[in-house]
Amino acid sequence: MALMPKRVKYRKLQKGTRRGVSTRGSELAFGEYGLKSLENGWLKNTQIEAVRVILARQLHKGGKLWIRAFPDKSITKKPAEVRMGKGKGDLDHWVAVIKRGRILFELGGVPEEYAKMCFRLAAYKLPLRTKFITRIHR
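We now turn to the structure provided with this report. Source: prediction; values computed, not measured.

### Here we look at helix α2 (residues 112-123)
Consideration 1: With twelve residues, α2 should reach 16 Å at 1.5 Å per residue; the first-to-last C-alpha distance of 16 Å fits that figure.
Consideration 2: Within α2, burial applies to A115, C118, F119 and A122. Along the long axis of α2, the arc covered by the buried residues comes to 95 degrees, so they all point the same way.
Consideration 3: Those residues of α2 that are buried lie in contact with β1 (33-37), α1 (45-58), β6 (103-108) and β7 (130-134).

### Considering the sheet that holds strand β4 (residues 73-77)
Consideration 1: Read from one edge of the open sheet, three strands run β2-β5-β4, paired in antiparallel fashion. Where the open sheet ends on each side, the last strands, each with one partner, are β2 (41-44) and β4. The average angle at which neighbouring strand axes cross in this sheet is 50 degrees, direction not considered.
Consideration 2: Of the strand pairs in this sheet, β4 and strand β5 (residues 90-98) are connected by five bridges, and their pairing is antiparallel. Paired with T76 across the bridge in β5 is L91.
Consideration 3: Packing of α1 onto the sheet brings it into contact with β2 and β5, and relative to β2 it is tilted by some 65 degrees.

Procedures and definitions
Residues numbered from 1 in each chain as written. Predicted model: local features only at pLDDT ≥ 70, side-chain atom pairs only at ≥ 80, totals over all residues. Heavy atoms only, no water. Helix = DSSP H or I, 4+ residues; strand = E, 2+ residues; numbered from the N terminus. Expected span 1.5 Å × (residues − 1). Buried < 20%, exposed > 50% of the residue type's maximum accessible area, 1.4 Å probe, protein only. Arc of directions from axis to C-beta. Contact = heavy atoms within 4.5 Å. Pairing = 2+ DSSP bridges. Axes fitted to C-alpha atoms, helices over the stretch in contact; angles between N-to-C directions.

Take a look at the structure:
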């Protein structure tokens, strides 16, 4: 089942901006390890789901996964070979707007090397450059 909001006030949104640095959601909040975005961009609901499946398969023995990105922006597309004008296209998919510094996924209850290996597999499925981060224990 694809990730998407239950209901929205407006079906079709404007493109918006992808620039800037994430101030909220840039610190680990739940797990000991995280995958942090180093670029700005959009994460499709299908890409988030692909990472969830990979991490869920890896964590079948134990550990907990937190998904910190939610696709709440609708993207529209017009059909092929349609002339200019005639309004905005139909809803195609949902994306999460990601700014650099944003934590995308968190893991807990697994060893550091295992978490690193899991996030390396996950990073292949993402369109953004990412970085493995840990909670500093002092």
